[in-house]
Structures are given as structure tokens and as C-alpha cells.
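Fold and geometry: a report
Here is how the chains run, residue by residue.
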Amino acid sequence: MDKIVVTGNGALSGQVPIAGAKNACLTLMPATLLSDEPLTLTNAPRLSDIKTMSTLLQSLGVEVSSLQDGKVLALASHDVNNLTAHYDIVRKMRASILVLGPLLARHGHAVVSLPGGCAIGARPVDLHLKALEAMGAEMDLREGYVHASAPGGLKGGRFTFPFVSVGATENALMAATLAKGTTVLENAAREPEIVDLARCLQKMGAQIDGEGTSTLTIQGVDRLHGATHPVVTDRIELGTYMLAPAICGGEIELLGGRRELIGAFCDKLDEAGIDVTDTENGLSVKRRSNAVHAVDVATAPFPGFPTDLQAQMMAVLCTAEGESVLEEKIFENRFMHAPELIRMGAQIDVQGGTAKVTGVPRLKGAPVMATDLRASVSLILAGLAAEGDTVVSRVYHLDRGYEHVEEKLSAVGAKIERIPE
Ligand code: EPZ
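Note that the coordinates shown come from a computational prediction; the quantities given were computed from them, not determined experimentally.

**Regarding the nonpolar core**
Core analysis: the biggest nonpolar cluster contains 147 residues, and Leu57, Leu201, Met242 and Leu341 have the highest contact counts within it. No other element matches the nine residues that helix 8 (residues 235–248) contributes to this core. Those residues in contact with Met242 that sit more than four places away from it in its chain are Leu254, Ile262, Phe265, Cys266, Leu269, Val276, Leu283 and Val285.

Right, here's the structure in full:
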């Protein structure tokens, strides 16, 4: 397994291009299953999770062509010949559950393995199933698989999510586009990835109102057609690289960055003494003085502070002046980076869903282990500002969500190297 070695190398400067969003692309790809005409996605990120979704779709009979070095994905679902998503693929990537709604809506039947737990929490899929049941689907759980059917087709329904779920909103939204009649989804997720999905579905002929608000109203249509759609900018990759000059000093311009994707995060950076400026091509970030100030952070669904940036923010707060309190409110076990940061000299006290971080002047390089995607990149950020070498193992987590991370960071002056094994 590859390792990444990061050596603290002082301030950074230059530009980092931000890719299309992994989490948008992973829901746009299954949308192809809703139509027999081609769907072309541009600005796709080059990531292992995207390859896993391609493999899953191919196993269902979807033609997937990766063009322009993977930046364009041409998908065609005119010949779907298998309605079962097998455990072997689903266990690798939870987003596989997103084929359930589209398969059910177009074919009236689908069998999808239950994903099981994962490193950051139990992550059940009950809301995905309940929202589809509200559209008339029947669910049967057998031998680890959900057998879903809607013999007469899905029917418009009303469903109020008891709490916000990004994936369940996506599954229900896709399914509702082909249901007979009107579907109303209340307390729906408002993440930019949901808005992007709605925009793509609208191009395919779907009738959707309210994207970006908590109420989605979908008027079902008989069929959807083909479309070409650019994947929205990855706000989590954006936020991650915004934190590099925050922890190391210097100034970085994030090409393609937009403040509205990440408003609450920008507000928190301002409070911590980090300036974010709009530029012609994106956003530019630098800290106002030598050290950032401690801030308290509580994660929340969009438009709140994203859980997917909590680990990276913790890395930065490890060297802030004062004591910060981070509350993780979305996932029950998302502090696994804390013990690794402690190995680098950080002072962190985790009690349940709350972590108290007392800033130290400087972290020290150490061998550390990546436990999940965002945890792994938080260790890289910490390594950029630490004294000496930080050796991050299990970097396959990183390759799920960050394309060309070594190239992007080296280009702004970081000392970072992949050691293949
Ligand atoms: C999406 O996961 C993202 N993944 C996650 O990205 C992100 O952390 C999360 O949204 C929250 O923003 C993709 O888009 C592929 P949820 P998702 O349903 O849809 C509970 C990353 O690092 N829940 O909004 O699975 C759930 O356990 C990641 O890129 C149920 O209880 O998240 C969690 O506590 C990891 N029942 C909360 O809701 C359900 O049926 C929110 O999860 C569904 C969810």
C-alpha cells in the first residue's frame, strides 16, 4: 500500500485548480438509469470512487466511457439488463445505494445490497427506503439485500424527512421524477450537490421546483431524455485547500472556488483570522497574522459548517492560539483523526461528539494512519506545517476523494511525495 511523506516546508503560494465534486458526480452518474438516452457529465473528478460507481453501473448494463483523461463521462442506459447491485461493490462504497431509486422508478424493481456500517458511523439507509415507500414502493429485506418493487410504477407521495439526509433526498428526488403525479419532499437536504442533481434532471426533462430549499416538489413525467451537464465544483476539496495557507502561512488562490458553496466555512475562517477574498478566477486565502485564533465549530447540514471539513479544520486548530471546541453533529464516530493528530503533538480531548483542542505552537512529524477520506487529508494538512517528516499510511482513502493531491500541493511549494509499495 502506498504511503505519502509530507515534510514541513514553510509558507505556500500559488494557485490550486478545484475539481468537480465527488459527491455530486456520485449522484449524477446513477441518474443515467432514469433514461434510455445518453447522459454526458463534464468536469468529472478523476477518483477511485468514480471508478467504483462506473463498475457498479457497468454491472447493471450501463455503457460507461471515460473520455478526455476521465474528465468527461459518457453514460448510456439503453440496455440495462441486471437490476441487482451486489454486495461486493456496495460494501466498497455506500453511494452505491443511489442506484435504488432510479432502477425502481424506471424498471419497477431493484435489488440492492445493504451497505453495512462504515468507519465514521452506523449510517443506516432507512430513510432512503421510507421515502420510496411513500411513493408506493414495497420493500422486503432478505439475506442482506433490499428487494424493492413497484409493480404498477411509483406514485407521487408526500414524505417529511425526520432529519436531513443528503443521500435519501437524492434517491427520492431521482425516483420521483418518473412517479405518476406529484411528490412533495419536506425537510429535504439543500446541499449544492442536490441543487446540481436537480439542475441535471431538469435538463433531462424532469419537473422539479424548490431545489436549494427544504421543500422539493416534483411533478412526475413519463420519460426523461438525454443531457450534457457539468459537475459542480467540489466545495470540500475547495475548503480543504483553503486550509493549507491557514496552517502553513502564505497565500493560495483556489481556481473555480465560489463563496456561496461554502459560506458558513468562510465565516468561520474570518473568525479565526483568515482572510478569504473573491478574485476573478476564484477565491484567495491568507491568514492575517502568524497564528490563527481558536474558534468553536459545530457541524450541520448545508448551509451550516460541513461535517466533511471538520477533520481538516481540527488540524488547523491544533496550532491555533487558545482553546477550540468542535462538535460533530452528523456522524457519531467522526473523530478518528484525533488520536493520529495527538501522535503529532496535538492536545485534543474527545468526549463523545465533542473535541476540545488546545493549540500548541508547532506539531511534530510522525508516522500516522489514515482512517477515512477526510481524516487522511487532515493528516496531510497537519504534516505540511509540522516539524520534520509525517508519513501517512493507508492513503487509498485519500485517492477516493482527492485527485492529484501531491501535484496540487507541490505546485504551491509543499514538500510531499508518494512512496509506492
Ligand atoms: C453524504 O453522505 C456524503 N456522501 C458524505 O460525504 C457527507 O458526509 C454526508 O452526505 C453529510 O453531508 C455522498 O454524498 C456520497 P446523510 P450520506 O444521509 O448521504 C443518518 C465524504 O467524506 N442517516 O446526509 O450518506 C446518517 O447515518 C462523505 O465525502 C440515517 O440515519 O449522508 C448520518 O448520521 C462521507 N438514515 C445522517 O443521517 C438514513 O437512511 C446524515 O447522513 C440516511 C442517513
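Further notes follow.
**Notes on the pattern of salt bridges**
Counting across every chain of the model gives 23 salt bridges. Between Asp49 and Arg400 there is a salt bridge; the shortest N-O distance is 2.7 Å. On the criterion of sequence distance, the pair formed by Asp49 in helix 2 (residues 48–60) and Arg400 in helix 13 (residues 396–401) is long-range, its members being 351 residues apart. For Arg400, a relative accessible area of 26% translates into the label partly exposed. Taking the shortest distance from any N to any O, the salt bridge between Arg158 and Glu186 comes out at 3.2 Å. Of this pair, Arg158 sits in strand 10 (residues 158–160) while Glu186 sits in strand 11 (residues 182–186); the two residues are 28 residues apart in sequence, bridging distant segments of the chain. Taking the relative accessible area as the measure of exposure, Arg158 reaches 56% and is therefore exposed. Shared partners join several salt bridges into a network, and the residues in it are Arg46, Asp69, Glu237, Glu403 and Lys408.

**Describing the site of the ligand**
What surrounds the ligand is a group of 22 residues, the closest being Asp126, Leu127, Ser165, Asp308 and Ile330. With respect to the ligand, the side chain of Asp126 contributes an N or O atom lying 2.7 Å from a nitrogen atom. Asp308 is positioned with one of its side-chain polar atoms (N or O) 2.6 Å from an oxygen atom of the ligand. Coverage of the ligand by the protein amounts to 86% of the 830 Å² it exposes when considered alone.

**As for the packing of helix 4 (residues 100–107) against helix 6 (residues 166–176)**
Between helix 4 and helix 6, whose axes approach to 7 Å, the crossing angle comes to 15 degrees. One way to sum up the angle between helix 4 and helix 6 is to call them roughly parallel. Judged by the sense of rotation from one axis to the other, the crossing of helix 4 with helix 6 is right-handed. Listed contacts from helix 6 to Leu100, Gly101, Pro102 and Ala105 of helix 4 are Asn171, Met174 and Ala175. Grouping the constituent residues of the contact of helix 4 with helix 6 by class yields five nonpolar, two polar and no charged.

**Focus on the side chain of Gln312**
Mapped onto the elements, Gln312 comes out in helix 10 (residues 310–317). Gln312 gets classed as buried once you look at its relative accessible area, which sits at 0%. In terms of polar contacts, Gln312 uses its side chain to reach the side chain of Tyr402, at 3.4 Å.

**Some words on the sheet that holds strand 8 (residues 138–142)**
Where strands meet in a sheet, backbone hydrogen bonds hold them as pairs that are either parallel or antiparallel. Spatial ordering of the open sheet is given by 6-7-9-8, a layout of four strands whose pairing is mixed. With one partner strand each, in any of the chains shown, strand 6 (84–85) and strand 8 form the two edges of the open sheet. Of the strand pairs in this sheet, strand 7 (residues 109–113) and strand 9 (residues 145–149) are connected by five bridges, and their pairing is antiparallel. Bridge pairing in strand 9 places Val112 opposite Val146. On top of the sheet, helix 4 reaches strand 7, strand 8 and strand 9; it is set at about 160 degrees to strand 7, its chief contact.

**Looking at the environment of Pro17**
Here Pro17 is to be found in strand 2 (residues 12–17). Since its relative accessible area comes to 43%, Pro17 is described here as partly exposed. Considering only alpha carbons, one finds Pro17 and Leu254, 237 residues apart in sequence, at a separation of 5.9 Å.

Cut-offs and rules
- Residues numbered from 1 in each chain as written.
- Predicted model: local features only at pLDDT ≥ 70, side-chain atom pairs only at ≥ 80, totals over all residues.
- Heavy atoms only, no water.
- Core = buried A, V, L, I, M, F, W, Y, C linked by side-chain atoms within 4.5 Å.
- Buried < 20%, exposed > 50% of the residue type's maximum accessible area, 1.4 Å probe, protein only.
- Helix = DSSP H or I, 4+ residues; strand = E, 2+ residues; numbered from the N terminus.
- Contact = heavy atoms within 4.5 Å.
- Salt bridge = Lys/Arg side-chain N within 4 Å of Asp/Glu carboxyl O.
- Near = heavy atom within 4 Å.
- Polar contact = N/O pair within 3.5 Å; in protein donor to acceptor, adjacent residues only side chain to side chain.
- Areas by Shrake-Rupley, 256 points an atom, 1.4 Å probe, with all protein chains shown as cover.
- Axes fitted to C-alpha atoms, helices over the stretch in contact; angles between N-to-C directions.
- Parallel < 35°, antiparallel > 145°, perpendicular 65-115°, else oblique.
- Left-handed = near helix turned anticlockwise from the far one by under 90°.
- Nonpolar A, V, L, I, M, F, W, Y, C, P; charged D, E, K, R; others polar.
- Pairing = 2+ DSSP bridges.

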